[in-house]
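Report on the structure
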Amino acid sequence: MEFLPDDPPVRRDPDGFAEDLRRNARRALAREDTLYLCVLRAPDAGAAQRLEAHFQLHLYHGEIYCEREPGIFYLQVFAPQERAVQVLLEDAADCVPGVTAQYKSVPKD
């Protein structure tokens, strides 16, 4: 499934996010892109609000995210290479001080 450049991000509840993750992991088998699962942690409630606002302004390929716990966001990103995900997460951390981020590729098997 290709996303148009101007598709906004999609906020899901944790159950919907898990369902989308299973579906997108299967989709990754048929794509040249890799699916990455990212975890971003905000240090406090204000930073969490700014991080979500950052998602709404700066994610634009239909990425899917959810807030699993207060201040802990999970994000699904399709990317052709790992560096694209690193840049996206570095941007979030630069724009919202104190945010930490981790990511891993979702296995295709």
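Within each chain, residues carry numbers counting from 1 in the order of the written sequence. Where local features are concerned, this predicted model is filtered to residues with pLDDT of at least 70; where side-chain atom pairs are given and counted, the filter is 80 or more; whole-chain, interface and lining totals use all residues. Side-chain numbers here rest on the full set of heavy atoms in the structure, without hydrogens or water.

Take the confidence of the model for the chain next. pLDDT expresses how confident the predictor is about each individual residue, on a scale running from 0 to 100. Here the chain averages 89 in pLDDT, and 93% of its residues register 70 or above. Secondary structure elements are defined from DSSP: runs of H or I of at least 4 residues count as helices, runs of E of at least 2 residues count as strands, and each element is numbered from the N terminus. Put simply, helix α1 (residues 14–30) is where the chain has its lowest mean pLDDT, 90, and strand β3 (residues 64–69) is where it has its highest, 96.

Moving on, we get to the side chain of N24. Checked against the element boundaries, N24 lands in helix α1. The class of N24 is buried, set by a relative accessible area of 5%. With residues near it in sequence (within four places) discarded, N24 still touches L35, I64, Q76 and F78. Remark: exposure states derive from per-residue accessible area (1.4 Å probe, protein chains only) relative to the maximum for the residue type, with buried under 20%, exposed over 50%, and partly exposed in between. Here a residue-residue contact requires only that any non-hydrogen atoms of the pair lie within 4.5 Å.

A separate point is the packing of helix α2 (residues 45–58) against helix α3 (residues 82–95). Note on method: axes are straight lines fitted to C-alpha atoms, helices fitted across the in-contact stretch only, with angles between N-to-C directions ranging 0 to 180 degrees. Two elements in contact, α2 and α3, have axes whose closest approach is 10 Å; the angle formed by their N-to-C orientations is 130°. In terms of their interaxial angle, α2 and α3 are classed as oblique. Of the two possible hands of crossing, α2 and α3 adopt the one that is right-handed. In this structure, α2 uses L51, H54 and H58 to contact α3, whose residues at the interface are D91, A92 and C95. Each residue gets one label: Ala, Val, Leu, Ile, Met, Phe, Trp, Tyr, Cys and Pro are nonpolar, Asp, Glu, Lys and Arg are charged, and the others, such as Gly, are polar. By residue class, the composition of the contact of α2 with α3 is three nonpolar, two polar and one charged. Put simply, angles under 35 degrees are roughly parallel, angles over 145 are roughly antiparallel, angles from 65 to 115 are roughly perpendicular, and the rest are oblique. Note on convention: near helix rotated counterclockwise from far helix by under a right angle means a left-handed crossing. Clockwise means right-handed.

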